[in-house]
Structure formats: C-alpha cells, structure tokens
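# Summary of the model geometry
Listed here are the chains, written in short residue letters.
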Amino acid sequence: MSANNIILIGPMGSGKSTIGQLLAQRLNRDFVDSDHYIEAKTGVDIPRIFDIEGEEGFRVRETKALKELTERNNLVLATGGGSVTREENRKMIRAAGFIIFLDTSVNQQLERLKHDKKRPLLQTENPRERLEALLSERKPIYLEMADLRIPTDRKFARKVANEIIPQLPEYLMNS
Ligand code: S3P
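So, a few notes on the structure that sits alongside this text. (Residues numbered from 1 in each chain as written. Predicted model: local features only at pLDDT ≥ 70, side-chain atom pairs only at ≥ 80, totals over all residues. Heavy atoms only, no water.)

## Remarks on the overall build of the protein
On a plain count of helices and strands, the protein comes out with 8 helices and 5 strands. Counted from the first residue to the last, the protein has its helices and strands arranged as β-α-β-α-α-β-α-β-α-α-β-α-α. Computed over C-alpha atoms, the radius of gyration of the protein comes to 15 Å, within 12% of the 16 Å expected from 2.2 N^0.38 for 175 residues, which places it in the range of a compact globule. Counting only C-alpha atoms, the protein reaches 45 × 35 × 25 Å along its principal axes. Residue burial in the protein is summarised as follows: out of 175 residues, 49% are buried. Long-range pairs, those at least 24 residues apart, make up 74% of the contacts in the protein with a sequence separation of at least 6. Surface exposure of the protein reaches about 8,900 Å², of which carbon and sulfur atoms provide 49%. (Helix = DSSP H or I, 4+ residues; strand = E, 2+ residues; numbered from the N terminus. Rg over C-alpha atoms; globule rule 2.2 N^0.38 Å. Buried < 20%, exposed > 50% of the residue type's maximum accessible area, 1.4 Å probe, protein only. Contact = heavy atoms within 4.5 Å. Areas by Shrake-Rupley, 256 points an atom, 1.4 Å probe, with all protein chains shown as cover.)

Following this line, the structure appears as structure tokens:
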C-alpha cells in the first residue's frame, strides 16, 4: 500500500487544484485532480454527470477514482470537496498519505466561485446557504482527517504553497 502521497482536502473554492499544482512543481511530483480524472475517464464534464446520473452517480464514480488514485504513489492529489462524506473514501484517503486541509470561509468561497458554472451543487437560488450547510456538515470531518490545517482566506495560492512546504514532514520531501 502506498502512503507517500500528499492529499488536499477542503471545500469548493479552497484552492486545492491551484495550490496542489504549485506543490507538485516544487516537490517534483505528479499532480492529479480527482474531478479532472473523473472527467477524463468519463469523457464528459462534472455538470453533465450530475445531469445524467445525479449526485449519487457522481459519488460512485468519485469512489472508483479514489480507489485508483490512492493506489498510486508520490502524487499530489486534489480531492473533490464532498469526497470526505463517504466512510470508504475517508479510509482510502487516510491510508494514502499526508492530508492537508485548506481551511476557507464561506465568504471566501463565494468570492472565488462567483462566476463558476461547473459546480452543480451551487446552481441554486441561494449559494451562500448551500455552502454554509455543506461546510457545517463537512468541516468537522476535514478537521478530524487533517494532518495539517492551513487557513487560506485572503491569500494567494503561492503564499499558501510557501506556507505548506516547510511544514511537510521530512520523508515527503525526498521521495
Ligand atoms: C463537490 C465539489 C466539487 C466536485 C463536485 C461536488 C462537493 O469539487 O467534486 O462538484 O460536493 O463539494 P471541488 O471541491 O474541486 O470544487
């Protein structure tokens, strides 16, 4: 079993993809975003998967993707914000490496996602209410899973990556 990955968890708009790519460059690792991986495998984008199969269908694909990705090694892996809601996903993520929670407020999420059309869960009358509900359900899980928690509000991705690097355990730096 591989346990050498760096795994980013946190809500939509926390910067998992951007920060993950920067970390991967700096650490000379491959980067994979689980949503992009699912889209590449399926041949359609996430909104289309939600349209056709509903959230439940998407979650099945997400679990399958995580199964494949957590078997790999030396990755920086950005997970989807809802991936932590299934116990089987949590088990796989925990076993696969070092977990970083990008802690982000709903205000900051709204700011970063205000023009977004790719998050089906935000295509609603009241995105703030939706984000608040999701965060209050998921934040305790993110916190419980995290080996490292990094606040990201009002910070550029590069600054967040610069903050993370010196806090990584030694064994992740030389792999
Ligand atoms: C979701 C987050 C999205 C994507 C899907 C559902 C969620 O990923 O997996 O739209 O449940 O929070 P990001 O966290 O990368 O936006």
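## Here's the deal with the layout of surface pockets
If a probe as big as a water molecule is rolled over the atoms, it shows which places are left empty. The volume enclosed by the largest pocket comes to roughly 630 Å³. Residue lining of the largest pocket: 34 residues in total, with M12, G13, K16, D35 and R119 positioned closest to the centre. No other element matches helix α3 (residues 46–69), which puts 5 residues into the lining of the largest pocket. Here the residues of the lining of the largest pocket are counted per class, giving 12 nonpolar, 10 polar and 12 charged. (1 Å grid on protein atoms, 1.4 Å probe; cavity = no way out; pocket = protein on both sides within 12 Å on 5 of 7 lines; lining within 4 Å. Points joined across faces, edges and corners; volume = space filled by probe spheres on them. Nonpolar A, V, L, I, M, F, W, Y, C, P; charged D, E, K, R; others polar.)

## Remarks on the nonpolar core
Counting residues in each nonpolar core, the largest one holds 31 residues, and the members touching the most others are I9, M12 and M145. Looking at this core, the elements that each hand over two or more residues are β1 (5–9), α2 (34–42), α3, β3 (75–78), α4 (87–96), β4 (97–103), α5 (106–113) and α6 (127–145). Of the residues forming this core, the biggest block, 7 residues, is contributed by α3. Within the second largest apolar cluster, 20 residues are counted, among which are V76, F98, L148 and V160. (Core = buried A, V, L, I, M, F, W, Y, C linked by side-chain atoms within 4.5 Å.)

## What to know about the site of the ligand
The full set of residues close to the ligand is M12, K16, D35, F58, R59, G80, G81, G82, R119, P120, L121 and R138. With respect to the ligand, the backbone of G82 contributes an N or O atom lying 3.4 Å from an oxygen atom. Within the side chain of R138, an N or O atom sits 2.6 Å from an oxygen atom of the ligand. For the ligand, the accessible surface in isolation is 380 Å², of which the surrounding protein chains cover 96%. Using a 2 Å cut-off from the grid points, one finds that the ligand occupies the largest pocket. (Near = heavy atom within 4 Å. Polar contact = N/O pair within 3.5 Å; in protein donor to acceptor, adjacent residues only side chain to side chain. Sits in = over half its atoms within 2 Å of the grid points.)

## Some remarks on the pairing of β1
Within a regular beta strand, the side chains point alternately toward one face of the sheet and then the other, so they alternate between its two faces. Burial runs high along β1: 5 of the 5 residues are buried. As paired elements, β1 and β4 share 5 bridges and run parallel to each other. Across the sheet, the residue bridging to N5 is G97, located in β4. Of the pairings in the sheet, the one linking β1 to β3 comprises 3 bridges and is parallel in character. Each bridged residue has a counterpart across the sheet, and for I7 the counterpart in β3 is L77. (Pairing = 2+ DSSP bridges.)

Nothing here speaks to function; it is all geometry.
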